[in-house]
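# Tertiary structure, described
Listed below, chain by chain, are the residues.
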Amino acid sequence: MDAKNYPRMEEEILKYWDRNRIFEKSLKNREGCKKFVFLEGPPTANGLPHPGHVLTRTMKDVVLRYKTMKGFYVARKAGWDTHGLPVEIEVEKMLGLRNKQEIEEYGIERFNEECKKSVFRYEEAWKEMTRRVGFWINMDNPYITLENDYIESVWWSLKEAWKKGLLFRGYKVTPYCPRCGTTLSSHEVAQGYKEVEDPSIFVKFKIKGKDEYFLAWTTTPWTLISNVALAVHPEEWYIKIEYEGEKLILAEERAAVLLKGKEYNEIDRYKGSELEGIEYEPLYKFVEPEKKCWFVILADFVTMDEGTGIVHIAPAFGEEDYEAGRKYDLPVIQLVDLEGKFKEEVKPWAGKFVKDADREIIEDLKNRGLLVSEHKYRHQYPFCWRCDSPLLYYAIESWFIGMSRLREHLVKNNEKINWYPEYIKHGRFGEFIREARDWALSRKRYWGTPLPVWVCQKCGKEICIGGIEELRQKATNFPEKLDLHRPYVDKILLKCEECGGEMKRVEEVIDAWYDSGSAPFAQWHYPFENEKVFKENFPADFICEAIDQTRGWFYSLLAISTLLFDEAPYKNVLTLGLILDEKGQKMSKKARNYVEPAEIFQKYGADALRWYLISASPPWQPKRFYEKVVKDVLSKFLLTLWNVFSFYETY
Ligand SMILES: [Zn+2]
Ligand SMILES: [Zn+2]
């Protein structure tokens, strides 16, 4: 037995398993035994599996085999996650489409057809990897998130939310990707922070009728175009100083930091609350605001940690700004279009991507003598986790699931879950759910579960449809062959119960994280079928995915189960550390910094790889992975073990 034969021996064993249906037998033998319920996190087969996927499949298999050997009945249903922006983006690239307009010119029907094809493109490669790594799971009868049955269950759950008043339309400042043309949920945003360098500028705002200025600070000069107020902290002290021949107002505490070692005279001193209502001259006035603005407001979120203690407020572009704006009834000056470019009204920079206009805005302020100083500022800024564009914070109409109202329930249900490692429970995950935001659910996109809300074109009444039968009853043109996707579903019209008018579906589809988070019930087409099966399999005993799912699938599962059943959907969750390359860099498709799993299997076998992955470090710690470590396992461990065994057998 030499190293070359090891992989071949594995192939023989795999064939033996297939021929004799060993996996099926292992289940059959345990029918009626106590169940150990596993819920598979569905991958998307629009890309080839990489070493990270091999790790997840290995760990799942180790636990499930162990439980099987302990006598449990461990059914294993595979699943495919098939909707969402990542899929659309791959197809856009393939077809050379650059934006939503080009998709619509190409045709939603054809576009979605391509999306559907793409999510099974690598199904065979996934099946082969799964077989080769020795993960026993039933891939012949998987749940698939694009099937009508699955979507119908998701619709049912949305209607439940609707009935509870937890699915609603709102205006909210939402992280928005100007390239993808869609909002992102907070757990998506959490995945895309990067350190960047932005301009950091100190700007003067002239007080009306006086030769005095408020000094404010910003790292997003482009938002100054939409400024409507300046905020100060009501309890902090502010001073008026004379500095380089000018009278400036800023927080006392910040002056001490910013002007340390510089010469300035303090002229006057005020409590922040005394400044409320003082009017100033706008930096820019491209439109006539419909409400009173450009005065000082009070806000508790103003900190003395950075800046001048005076915060520039643009309700169109910041969550806190928006809330403050509502309190003071300030106008929302939205001069940026949905592609992140300045609108026509902003004459000097019309059509320019806002962040690209920063430089020219700074120059303009400088020329007008309003710029006090300019620096560089390194900070964490969110980028689109799929397309890498910088996100903008944007007041946009969207549909939400009211998760913020369920915070206490999320926390309570999380207490029922065993986390491995334990510290995630109250750390990374616990902190996240304690602060849970409303879930920005809708996407103005194409390939996803359509939001089942229809609106009367005449009287504006809105209804949520919770299943196919309900749709059939209310539709005036229910199709013979039903496909719940766009554009087909958009053609189905309903009759308004209030006024007899025509009802059309809203154009949105939903966040694909909601699809996969619905797996506990939607995989069984519950509640339309399989009520007993669902109840026997909920909650799951065990789920296992990479740590980056903490704010992804681990969260969406808990969120939806809390919303529907007020229960934790899983009892035990094993989180896996990332797989790194030889130098400790994160593996990525882009960098191509890994060996294809198939190559490793062929050279050293699956056992060598599996043994390395489970023995190198605790599962939740990051692991470096490269060819040599697997090779070492084979030569130093597996072959030694094999030799001991053959010695024992021979003598
Ligand atoms: Zn994007
Ligand atoms: Zn109506």
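What counts, and at which threshold
- Residues numbered from 1 in each chain as written.
- Chains lettered and ligands numbered in written order.
- Predicted model: local features only at pLDDT ≥ 70, side-chain atom pairs only at ≥ 80, totals over all residues.
- Heavy atoms only, no water.
- Phe/Tyr/Trp six-rings, centres within 6.5 Å; stacked < 30°, edge-to-face > 60°.
- Helix = DSSP H or I, 4+ residues; strand = E, 2+ residues; numbered from the N terminus.
- Buried < 20%, exposed > 50% of the residue type's maximum accessible area, 1.4 Å probe, protein only.
- Lys NZ or Arg CZ within 6 Å of the ring centre and 35° of its normal.
- Donors = N, O, S within 2.8 Å, 3.2 Å for Na, K, Ca; no water.
- Tetrahedral: all angles 85-135°; square planar, octahedral: opposite > 155°, others 65-115°.
- Salt bridge = Lys/Arg side-chain N within 4 Å of Asp/Glu carboxyl O.

## Examining the packing of aromatic side chains
One pass over the structure, following the stated rule, counts 42 aromatic pairs. With 5.7 Å between their ring centres and 40° between their planes, Phe-23 and Trp-136 make a pair best called tilted. With Phe-23 in helix H2 (residues 22-28) and Trp-136 in the loop between helix H7 (123-132) and strand E2 (138-144), the pair connects residues that are 113 residues apart, well separated along the chain. On the basis of relative accessible area, Trp-136 is assigned to the buried category, the value being 13%. Taken together, a centroid distance of 5.9 Å and an interplanar angle of 10° make the contact between Tyr-143 and Tyr-150 stacked. Taken individually, Tyr-143 and Tyr-150 each receive the classification buried, so the pair is uniform in this respect. Linked through ring pairs, Trp-156, Phe-521, Tyr-526, Phe-534, Phe-538 and Phe-565 together constitute an aromatic cluster. When the ring centre of Tyr-213 is taken as reference, the NZ or CZ atom of Lys-204 above it lies at 4.4 Å.

## Focus on the coordination of the zinc ion (ligand 2)
In this structure, Cys-456 (SG), Cys-459 (SG), Cys-496 (SG) and Cys-499 (SG) serve as the protein donors to the zinc ion (ligand 2), at separations of 2.3 Å. Each of the four donor atoms bound to the zinc ion (ligand 2) contributes to angles spanning 100 to 114°, and the resulting shape is tetrahedral.

## Section: unusual backbone geometry
Keep in mind that most residues, glycine aside, have a negative phi and that most peptide bonds are trans. Cis peptide bonds are those with omega within 30 degrees of zero, and the linkage from Arg-486 to Pro-487 qualifies with 0°. You can see Pro-487 is positioned in the loop between helix H16 (468-474) and strand E20 (494-495). Geometrically, the link from Phe-538 to Pro-539 is a cis peptide bond, its omega value of -10° lying close to zero. Topologically, Pro-539 is positioned in the loop between helix H19 (531-536) and strand E23 (540-546). Of note, Trp-294 is a non-glycine position whose phi angle comes to about 65°, a positive value. Of note, Trp-294 is situated in the loop between strand E10 (265-271) and strand E11 (295-298).

## Considering the pattern of salt bridges
With the rule as written, the count across this model stands at 61 salt bridges. Put simply, Glu-90 and Lys-93 hold a salt bridge, and the shortest N to O gap is 3.8 Å. Remark: Lys-93 and Glu-90 occur in helix H4 (residues 85-95); sequence separation between them is three residues, near one turn of the helix. By relative accessible area, Glu-90 is classed as partly exposed at 36%.

Take it as geometry only, folks, not as evidence of what the structure does.
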